[in-house]
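If you want the building blocks of each chain, they are given just below.
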Amino acid sequence: MRWDDEAVEHLVLSDSVLLLASPTGAVTPVLDQRLDPVRAAASTLPRAERAARVEARRNVAGGFFTAAADPSVAERAVTGTTPRERVRSLAALTDGATRWTETFGLGDWAALHTALCEQGPTAVLRRVRAAEAADPEGVDHPRGKACDDATAALVVL
């Protein structure tokens, strides 16, 4: 994301999410949903097979795209621009942090944004880690990895 006095521009790929909060408090998630069907299909497999299924769909047609594996896929990112006056704050999250909403159901995107604002990113990530530790085998909350890298950044404009 980048911004100036006129606009907030964003670029999102696969396993990252951007939350845009308006001055009224409405939260809009910016998502690249191409990873969703891959995760859903993998979650039905035995745990030992989940990660391989997801990896087989990385940076291929019909799959999802990550720049870490191939920076040229940035051309396939979800991009957009929002007028600056419609954005009060932004939260950038990796998929490890979005587990708060997407995997463990600790709240919706608006609740996650509120937790980031009121408790801070460190507290949110601690809750994700606690949820991961409570279900290390992914029995109650199927996922490819027991733990994933988790980063959350909050910017108040």
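Residues numbered from 1 in each chain as written. Predicted model: local features only at pLDDT ≥ 70, side-chain atom pairs only at ≥ 80, totals over all residues. Heavy atoms only, no water.

### A word on the nonpolar core
Grouped burial of nonpolar side chains is what soluble globular proteins tend to show. Test applied: Take the buried Ala, Val, Leu, Ile, Met, Phe, Trp, Tyr and Cys residues and link them wherever side-chain atoms come within 4.5 Å; each set so joined is a nonpolar core. A 1.4 Å probe rolled over the protein chains alone gives each residue an accessible area, and that area as a share of the maximum for its type sets the label: buried under 20%, exposed over 50%, partly exposed in between. Comment: elements are numbered from the N terminus, with helices defined as DSSP H or I runs of at least four residues and strands as E runs of at least two.
Judged by nonpolar contacts, the single largest core of 18 residues is most densely connected at L19, L93, L112 and L116. If you list the elements that add at least two residues to this core, you get β3 (16–21), β6 (89–94), α3 (95–102), α4 (109–119) and α5 (121–134). Counting residues in hydrophobic clusters, the runner-up holds seven residues, among them V12, L18, L20 and V87.

### Focus on the side chain of S89
Stated formally: Polar contact is defined as a pair of N or O atoms within 3.5 Å, subject to the rule that within protein one atom must be able to donate a hydrogen and the other to accept it, and that residues adjacent in sequence are counted only when both atoms are side-chain atoms. Residues count as neighbours in contact if any of their non-hydrogen atoms are within 4.5 Å of one another.
By secondary structure assignment, the location of S89 is in strand β6. Within the structure, S89 has its side chain in polar contact with the side chain of H113 (distance 2.9 Å). Beyond its immediate sequence surroundings of up to four residues, S89 is in contact with L19, L20, A21, H113, V155, V156 and L157.

### A few points about the sheet that holds strand β5 (residues 78–83)
Put simply, the rule reads: Pairing between strands is defined by DSSP: at least two bridges between the two strands are required.
If you trace the three strands from one edge of the open sheet to the other, you get β1-β2-β5, paired in antiparallel fashion. Either end of the sheet is taken by a strand with one partner, and the two such strands are β1 (2–3) and β5. Relative to strand β2 (residues 7–12), β1 runs antiparallel, the two sharing two bridges. Residue W3 lies in a different strand from β2, and its bridge partner there is V8.

### Details of the sheet that holds β6
Selection criterion: Comment: axis = line fitted to C-alpha atoms, over the contacting stretch for helices; angle = value between 0 and 180 degrees taken between N-to-C directions.
Pairing is antiparallel across the open sheet formed by four strands, whose spatial order is β4-β3-β6-β7. Whereas interior strands pair on both sides, the edge strands pair on one side only; in this sheet they are β4 (27–30) and β7 (152–156). Averaged over all pairs of adjacent strands, the angle between their axes in this sheet comes to 15°, without regard to strand direction. Contacting β3, β6 and β7, α3 crosses the sheet at an angle of about 105° to β6.

### Here we look at the pattern of salt bridges
To keep things clear, this is the line we draw: Definition used for salt bridges: Asp or Glu carboxyl oxygen within 4 Å of a side-chain nitrogen of Lys or Arg.
This structure, assessed with the given rule, holds five salt bridges. When the shortest N-O distance is used, the salt bridge between R58 and E55 registers 2.5 Å. Given a relative accessible area of 24%, R58 falls into the partly exposed group. Residues E132 and R99 are paired through a salt bridge, measuring 2.8 Å at the closest nitrogen-oxygen approach. You can see E132 sitting in helix α5 and its partner R99 sitting in helix α3, a full 33 residues away along the chain.

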